Amino acid sequence: ASCVLEIVQVVNVLCAAMDMDTENEKASLRHCVCEQGLLNRCDGSARLQQGSTSVMVGVFGPAEVRMSKELSNRATVEVTYKPKVGLPVVKHRALEQLIRCTCEPCILTALHPRSLVSITIQEEHDDGSLLSCTLNAICLALMDAGMAMNYPMAAVSCALMTDGDLVFDPTAEQEKEAKATVTSIFDKSCADVVSCHAVGALTVDQLDRCLEACKPAAASIQQFY
Amino acid sequence: SFTLSVTTPITSPGVRREGDQIIAAKSGILRHRPPVTYWIDNNQRRYVPVVEEFVIGIVTGKPSMDVYRVDIGGSMPAALSYLNFEGATKRNRPSVQVGDTIYGQLIVASKDMEPEMTCVTVAGKANGMGVLEDGLTFQSSLGLCRELLVAESPILAAYGKRFRFEITVGANGRIWLKSPSVSQTIALCNSLDSAGMLSTEQLE
């Protein structure tokens, strides 16, 4: 699978050998609650709550597309992100692009040329792991809409703490204390990373370790689907 | 996904083929008709035009070059030529206005082309197709429409025992309903929406 890597800050740090604390690594994901089909004007919708982080997603498609945006061989995917407070700013636009690049290979766009798949995300509450909650909610909404998909994508966040521990599905407080937070998205086999977004300072080895550790968590999300 | 050795390619709704494997592309119930036909039954609201399906559309555009634009709920409006009505000729044009409800059959529907529909069979007869007068058109899910279109559908049989009404079901999720009083029409519409979920005993 193609791998889209976006690293905001990667600094080569001489790190001392870190003992992996296996108990912490097996820390489970927060309790997930999902509702599908709650918006009746959308073709598909879902609300996902991971702990206190809550996101609602509405999907339209395949729908009519403006001539300027239409693609002759596949569907155009459009993502709109609405923050809880205030108007969308530049960082939300960047998030929209990241989400769009992650979702496009996931949807079978070749089945619907010259049409539009429109994904609208409303952030309801951010208590950490917002990106992974958003992507999982998008996957659920796409399934509710009956969009043909290549694979159900599973997104997992993990935070690398200053003492070397990995915390899965971090809350907002844990994210603030962490050295770095990595969100990785896996395809159905959970062996290939589809996309990865990291915020903070971490070495390539630490990134690899995070990605490897997230795989079992992604498998449990696939089970949830 | 599971491995199946098949010699002929299968294109069926909700399922795609990757080499030897047949992989589900949508979420739903996997159905199997022996020997090798698999498909996914799902309940979506958005219609993707399929050729030879009967659909209910609403005329949205005035005829440009003698072709009406009909909204069938897909990504593109369908084209309906004014000659595709029973008894229509160049001099005898059908009386179709913008906003009319049309019941017709899709003759061209592929992912790359704009869909085209017709209101006559090959022999030139209408067979119930054409403009639907009065009545109420409403949108429901594709799954419910498929259930109603089944021959001797239990839902319609149960309703038919108690009420007098005329119903046309489009494969695109649209249902046209007409009954003697307005309140009865509305009541029937509301209950049909939830009827899809009920089992046979609950219907009674």
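### So, the overall build of chain A
Looking only at helices and strands, chain A features five helices and ten strands. Here the analysis covers contacts within chain A between residues at least 6 apart in sequence; of these, 68% occur between residues at least 24 apart. Element-wise, carbon and sulfur atoms account for 53% of the exposed surface of chain A, whose accessible area totals about 10,400 Å².

### Brief notes about the interface of chain B and chain A
Each side of the interface is counted separately: chain B has 17 residues, and chain A has 23 residues. In total, chain B and chain A occlude about 1,500 Å² of area from one another, counting both sides; carbon and sulfur atoms represent 48% of this. Looking only at chain B, the three residues that lose the most surface to chain A are R46, S75 and K111 of chain B, adding up to 35% of its buried area. On inspection of chain B and its partner chain A, the count reaches one salt bridge. The partner of R46 of chain B in a salt bridge is D43 of chain A, and the shortest N-O contact between them spans 2.8 Å. The tally of links between chain B and chain A comes to six residue pairs in polar contact (both at pLDDT 80 or more).

### Some details on the nonpolar core
Residues V57, I99, I119, I121, L135, I138 and M153 of chain A are the most contacted members of the largest nonpolar core, which totals 37 residues. Looking at this core, the elements that each hand over two or more residues are β3 (44–50), β4 (53–63), β5 (76–82), α2 (90–103), β6 (116–125) and α3 (130–145) of chain A. For this core, the element with the highest residue contribution is α3 of chain A, accounting for twelve residues. For M153 of chain A, the contacting residues outside a window of four places in its chain are T102, C103, C106, L135, N136, I138, C139, I185, F186 and Y225 of chain A. With 23 residues, the next largest nonpolar core counts I72, A78, V96 and C119 of chain B among its residues.

### Details of the sheet that holds strand β14 (residues 174–178) of chain B
Residue and element names in this part refer to chain B. Strands sit in the order β12-β14-β13 across an open sheet of three strands; the sheet is antiparallel. Single-partner strands in this sheet number two, and they are β12 (136–139) and β13 (166–169). Going across the sheet, the axis of each strand differs from the next one's by a mean of 20°, ignoring polarity. Pairing of β12 with β14, which is carried by four bridges, proceeds in the antiparallel orientation.

### Quick look at the sheet that holds β4 of chain A
All names here are of chain A. The strand order β2-β3-β4-β6-β5 describes an open sheet built from five strands, whose pairing is mixed. Single-partner strands in this sheet number two, and they are β2 (32–36) and β5. Pairwise comparison of adjacent strand axes, ignoring direction, gives a mean angle of 15° for this sheet. With seven bridges joining them, β3 and β4 adopt antiparallel strand pairing. Bridge pairing in β4 places S45 opposite G58.

### A few points about the packing of aromatic side chains
All names here are of chain B. Under the defined criterion, the tally for this structure stands at four aromatic pairs over all chains. Ring geometry for Y159 and F165: centres 6.5 Å apart, planes at 90°, overall edge-to-face. For Y159, a relative accessible area of 11% gives the class buried. An aromatic cluster of three or more residues is present, and its members are Y159, F163 and F165.

### Digging into the environment of L142 of chain A
All names here are of chain A. When you line up the elements, L142 lands in helix α3. Judged by relative accessible area, which is 0%, L142 ranks as buried. Put simply, L142 and G58 are 84 residues apart on the chain and 8.5 Å apart in space, counted from C-alpha to C-alpha. Dropping the residues within four chain positions of it, L142 is found in contact with V59, I107, V117, M147 and M149.

Cut-offs applied
Residues numbered from 1 in each chain as written. Chains lettered and ligands numbered in written order. Predicted model: local features only at pLDDT ≥ 70, side-chain atom pairs only at ≥ 80, totals over all residues. Heavy atoms only, no water. Helix = DSSP H or I, 4+ residues; strand = E, 2+ residues; numbered from the N terminus. Contact = heavy atoms within 4.5 Å. Areas by Shrake-Rupley, 256 points an atom, 1.4 Å probe, with all protein chains shown as cover. Buried area = accessible area lost by both parts, 1.4 Å probe. Salt bridge = Lys/Arg side-chain N within 4 Å of Asp/Glu carboxyl O. Polar contact = N/O pair within 3.5 Å; in protein donor to acceptor, adjacent residues only side chain to side chain. Core = buried A, V, L, I, M, F, W, Y, C linked by side-chain atoms within 4.5 Å. Buried < 20%, exposed > 50% of the residue type's maximum accessible area, 1.4 Å probe, protein only. Pairing = 2+ DSSP bridges. Axes fitted to C-alpha atoms, helices over the stretch in contact; angles between N-to-C directions. Phe/Tyr/Trp six-rings, centres within 6.5 Å; stacked < 30°, edge-to-face > 60°.

Shape descriptors only; they carry no functional weight alone.
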